[in-house]
Structure formats: C-alpha cells, structure tokens
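Residue strings, one per chain:
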Amino acid sequence: MKGNKRRIFKLATAFLLVLSFGITSITAGTEQVYAAKIKISSKKITLIKGQSKTLKVKGTKKRPKWSSSKKSVASVSKKGKITAKKKGTATITAKIGRKKYKCKVKVETPKLNKSSISISEDTYYQLKVSGNTQKVKWSSSNKSIVTVNGKGYIYGKKTGTVSITAKISSKKFKCKVTVKQESPKFAVQFVHTDDGANTRVVGININNRSRTGIFVNELGYVTNPRYSSLDQYVYLCDPDEDGVSFLEYYRVDPGETVLLPFVELAFGSFYADDDSIFFFNFDFRGRTYISYVDVYGNAVYELMD
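Residues numbered from 1 in each chain as written. Predicted model: local features only at pLDDT ≥ 70, side-chain atom pairs only at ≥ 80, totals over all residues. Heavy atoms only, no water.

Trainee: Describe the packing of aromatic side chains, and please don't skip the residues or the numbers.
Mentor: Enumeration over the complete set of coordinates arrives at ten aromatic pairs. With a centroid separation of 5.6 Å and 20 degrees between ring planes, the pair formed by Phe-278 and Phe-280 is classed as stacked. Considered together, Phe-278 and Phe-280 belong to a single accessibility category, that of buried residues. Measuring from ring centre to ring centre gives 6.1 Å for Phe-280 and Phe-282, while their planes differ by 40 degrees; the resulting arrangement is tilted. Like Phe-282, Phe-280 is buried. (Phe/Tyr/Trp six-rings, centres within 6.5 Å; stacked < 30°, edge-to-face > 60°. Buried < 20%, exposed > 50% of the residue type's maximum accessible area, 1.4 Å probe, protein only.)

Trainee: Summarise the pattern of salt bridges; cite the residues concerned and give the values.
Mentor: Scanning the model with the defined rule gives seven salt bridges in all. In this structure, the salt-bridge partner of Arg-211 is Glu-182, at a minimum N-O distance of 3.8 Å. Of this pair, Arg-211 sits in the loop between β20 (198-208) and β21 (214-223) while Glu-182 sits in the loop between β18 (171-180) and β19 (186-195), placing them 29 residues apart in sequence. Judged by relative accessible area, Glu-182 falls into the buried class, the value being 2%. One continuous salt-bridge network, built from bridges that share partners, spans Glu-121, Asp-122, Glu-182, Arg-211, Arg-285 and Arg-287. (Salt bridge = Lys/Arg side-chain N within 4 Å of Asp/Glu carboxyl O. Helix = DSSP H or I, 4+ residues; strand = E, 2+ residues; numbered from the N terminus.)

Trainee: Just give me the short version of the pairing of β21, but keep the residues and values in it.
Mentor: Bridge count for β21 against strand β23 (residues 249-252) is four bridges, and the pairing is antiparallel. Following the sheet pairing, Val-216 is matched in β23 by Tyr-250. In this structure, β21 lies alongside strand β22 (residues 232-236), joined through four bridges in antiparallel fashion. Pairing of Leu-219 across the sheet is with Tyr-235, part of β22. (Pairing = 2+ DSSP bridges.)

Trainee: Please provide a residue-by-residue account of the sheet that holds strand β16 (residues 153-156), values included.
Mentor: Here we have three strands laid out as an open sheet, ordered β12-β16-β15, and antiparallel in their pairing. The two strands at the open ends of the sheet, each matched to only one other strand, are β12 (124-126) and β15 (146-148). Here the strands of the sheet are splayed against their neighbours by 20 degrees on average, with no regard to which way each runs. (Axes fitted to C-alpha atoms, helices over the stretch in contact; angles between N-to-C directions.)

Trainee: How would you sum up a positive patch on the surface? Please name residues and give values.
Mentor: A surface patch of positive charge is lined by Lys-135, Lys-137, Lys-167, Lys-172 and Lys-174. Along the chain, the position of Lys-137 falls in strand β14 (residues 137-140). (Patch = residues over 30% accessible without salt bridge, like charges linked within 9 Å, V, L, I, M, F, W, Y side chains within 5 Å. Areas by Shrake-Rupley, 256 points an atom, 1.4 Å probe, with all protein chains shown as cover. Lys, Arg positive; Asp, Glu negative; His and termini not counted. Charge placed at Lys NZ, Arg CZ, Asp CG, Glu CD.)

Trainee: How would you explain the sheet that holds strand β17 (residues 160-168) if you had to name every residue and give the values?
Mentor: If you walk across this open sheet you meet the four strands as β11-β18-β17-β14, and the pairing is mixed. With one partner strand each, in any of the chains shown, β11 (116-120) and β14 form the two edges of the open sheet. The sheet shows a mean angle of 25 degrees between the axes of neighbouring strands, taken without regard to direction. In this structure, β11 lies alongside β18, joined through five bridges in parallel fashion. Directly across from Ser-118, in β18, lies its bridge partner Thr-178.

In structure tokens form, the structure reads like this:
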C-alpha cells in the first residue's frame, strides 16, 4: 500500500514538472512574439518646413519617451507629434524600457521659381519647384485660359488670369499667371521702281515675325494728304497664281516673307511720293487690324472694333 502511494506521488510530481515546463515555454514564446510585434509607425519620413506628423509605437500599451537628435530641425512632443522647423535631417527616437525605436526625418524647404508671371497667348513657360524631392501635383484654376502638365509647363490659351498650384503633400505653392493678348509682329517693305520724282509701287513684302499666321485681306487703299487725286484702291494678288488672281485672304506663316503684288484696276500699279500712305487689313488670332504703311516701310497698326 505504501509502495503504491509513493509511486502515485512520484507520477504526480513528474506530471506537475512537465506541466510547469510547458506553461513556462508557452509564456516565454508568447512574450517573444509580443515583443517582436512592437514597432514604430514610420522609419523614414520627409516633411516640408512647417508641417507636422504624429508617430506611434504599435504593439504595446506602454507610453514611449520621445526625443529628437536635432530639435532645431525637427522637434517632437510627448505624444510623438513631429514639427518640421528648418531644412536638415534629424532622428526621432521612441524609448520603451531599454528598447529604442527610431525614425529618420528629412525637412525640405521647397520654393516655386515664380509667384506671378505674364505670358502671351499661344506660348509656353515652365514653372519649377526647387529644394524638393517629393512628388509635385500641378493644377490650374481655369484650364480654358491656362493649362499645366505634370512637369510644370504652362500654356496660355486665351487672355485672362489664373492661379497655378503646385501641391507637395499637404502644402500648396501658387503662381498667378496672366495671359496677355499676343500682338502681331511684322515688317513691310514696298517693292517699287523709281520714276522721276515719284515712286511706282508694284507690291509689298510682308515678313511675319509673330508666332501665329497673319491673314492679309485683298483690298488696300492708298492716300496722299497733299494730293487727293492720288488716292486710289488697290488689290493684293495671290503670288501663287499666274496672272491676276485677287486674294480673299492670304496667310503669311510665322517666319515667312511673302511678296504680294499690287493691282490698281486702271494702271496695274500706283504712284506714290514721300507723303503717301498705304492702308490694308489683316486678321491675327481671330482679330481684325488695320495697318498704315509709308513708302519707307514704316508700319503701325491698330485693332478694329
């Protein structure tokens, strides 16, 4: 009987030892897994001066102690809120017991190359952001006036004023863009022969220095302030046609120089002295202008109502 009691006692003791070992192993394993899950929410971030971001330590209910390696660049509060102060780098540390969890913070100070700019219709200009490594998202407040692509190239479609925005993270940088009416640029030279005291004009050379085509109207008019008898209508002829072929409009492309011959209905040309002025109409970007040209090729123009 006594032998059986001893045997039962030994078995119970052995069972308790095995059970105790198993529980200890499970507990230790659980602690290891629990410890392995503790981590900081971000190990590397980029902020713009003035921005804030809150870091957290996940996997534990213990409150970490926060610190910054360079408070002048990036400070951190007791709750893990980082504030970017100036350009540079800093390391934010969350300490729990003896363990440290770190995040590298880079602070940037982006700058837009223009805060305001004026461009002409049908022209491009590139806006740029310096001091930045993050993605820039571009937008226009009115795409019918100015468009902008992903590289900051703006294009003036028509006259007006818009705001172009470069968005980096939650920060916005703006540029005021004014699109001005493009003015025509051209040079005019008379083609003539000398005939005594007067100049016999037989045509004009038009050199278009604009970025857009100029459409010249067929009808011109010559006037002389001193001798009204010299006033007469003339017609511009198509230089691409043989013989007399009147123009409705002739397009002079950008950078092109075109000779447009004159035809005066009675004489085929006209005489002009130093006081003579030639008037002709042209269309430019959907607007009609009237130009005044003297025999020396000095030209001025104005927009017609």
